[in-house]
Amino acid sequence: DYFLLSMMLLGLLCAAVVIRSFLQWLIPNILDPELQNAWKLHEYLITNTYRNTIATLLIMCMPCAFYFAKRASIALFEVGFFLIGLLLYVTMILTVARTAFIFGSLLLIICVVYYLHGKRSIWIKCLNILLLIGGIMCVLAAIGEPLLALLKVRMKDGLISAEEARVKLLLQSFTDFRNHPLFGIGITSTSNNEFYTSPGCICWYHMYFP
């Protein structure tokens, strides 16, 4: 429980970072008629440096809130933990990372099903489901337009493009494994820098299994 609580607090820290970055971009631009301009939207993507990392952390942290919501014996705590879970999901979406959209949304469904299964407090369940629906509607009403615009820019070539670094690295991972099946190419290797490189990053394939 202590470990899961620490994870949930880490999730809240990540959520605060995302909200801060999003508001810093949104507030100066909210009344700008050029908000739909591709550069204005791309500006958010490039200034929010650790979007993918934070999205990955939030995916790991979000289930902890639903675990505590199910375990809570006090109604107020149960609602509070459920709301934290929803907050972590919303901020995950605000990272505009594809991991968040696909696996985060799938994970939210799994977490809600886990939370609803086997609990006796029916009225609290109903309240939390209403909060879930109401929260989604409020978020869409408040920031739906800029979020949709960000999505269009983020996925202008579809969900994934054959020219992306992650696709090239995925294919390269099979070649590297075939040529170095026992020890790999080494964590200090720079042989794949032609596909992708970033300050402070070691060589990796941007995929879980490779």
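Please refer to the structure placed before this passage.
Okay, so let's go over this structure. These numbers were taken from a predicted model, which means no experiment stands behind them.

Glycine aside, negative phi is the norm for most residues, and most peptide bonds take the trans geometry. Despite not being glycine, Val96 has its phi angle at roughly 60°, a positive value. In this fold, Val96 is placed in the loop between α4 (75-94) and α5 (98-116).

Attention shifts here to the packing of aromatic side chains. What the rule picks out here adds up to four aromatic pairs. Their ring planes at 85° and their centres at 5.4 Å tell us that Phe66 and Phe82 sit as a pair that is edge-to-face. Of this pair, Phe66 sits in helix α3 (residues 51-71) while Phe82 sits in helix α4, placing them 16 residues apart in sequence. Here Phe66 matches Phe82 in class, with each residue buried. Between Tyr67 and Phe68, the ring centres sit 5.3 Å apart and the planes meet at 70°, which makes this aromatic pair edge-to-face. For the pair shown, Tyr67 and Phe68 are each scored as buried. One aromatic cluster is present, formed by Phe66, Phe82 and Tyr115 through successive ring pairs. Positioned over the ring face of Tyr114 is Lys70, at 4.3 Å from the centre of the ring.

We now examine the packing of α3 against α4. Each pair of packed helices can be described by the angle between their axes along with the distance between the axes. It is at 8 Å that the axes of α3 and α4 come closest, and there the two elements cross at 165°. One element, α3, and the other, α4, form an angle in the roughly antiparallel class. By crossing handedness, the relation of α3 to α4 is classed as left-handed. The segment α3 lies against α4, with Ala55, Leu58, Ile59, Cys61, Met62, Ala65, Phe66, Phe68 and Ala69 engaging Glu78, Phe81, Phe82, Ile84, Gly85, Leu86, Leu88, Tyr89, Thr91 and Met92. Partitioned by chemical class, the residues of the contact of α3 with α4 number 16 nonpolar, two polar and one charged.

Rules of the game
Residues numbered from 1 in each chain as written. Predicted model: local features only at pLDDT ≥ 70, side-chain atom pairs only at ≥ 80, totals over all residues. Heavy atoms only, no water. Helix = DSSP H or I, 4+ residues; strand = E, 2+ residues; numbered from the N terminus. Phe/Tyr/Trp six-rings, centres within 6.5 Å; stacked < 30°, edge-to-face > 60°. Buried < 20%, exposed > 50% of the residue type's maximum accessible area, 1.4 Å probe, protein only. Lys NZ or Arg CZ within 6 Å of the ring centre and 35° of its normal. Axes fitted to C-alpha atoms, helices over the stretch in contact; angles between N-to-C directions. Parallel < 35°, antiparallel > 145°, perpendicular 65-115°, else oblique. Left-handed = near helix turned anticlockwise from the far one by under 90°. Contact = heavy atoms within 4.5 Å. Nonpolar A, V, L, I, M, F, W, Y, C, P; charged D, E, K, R; others polar.

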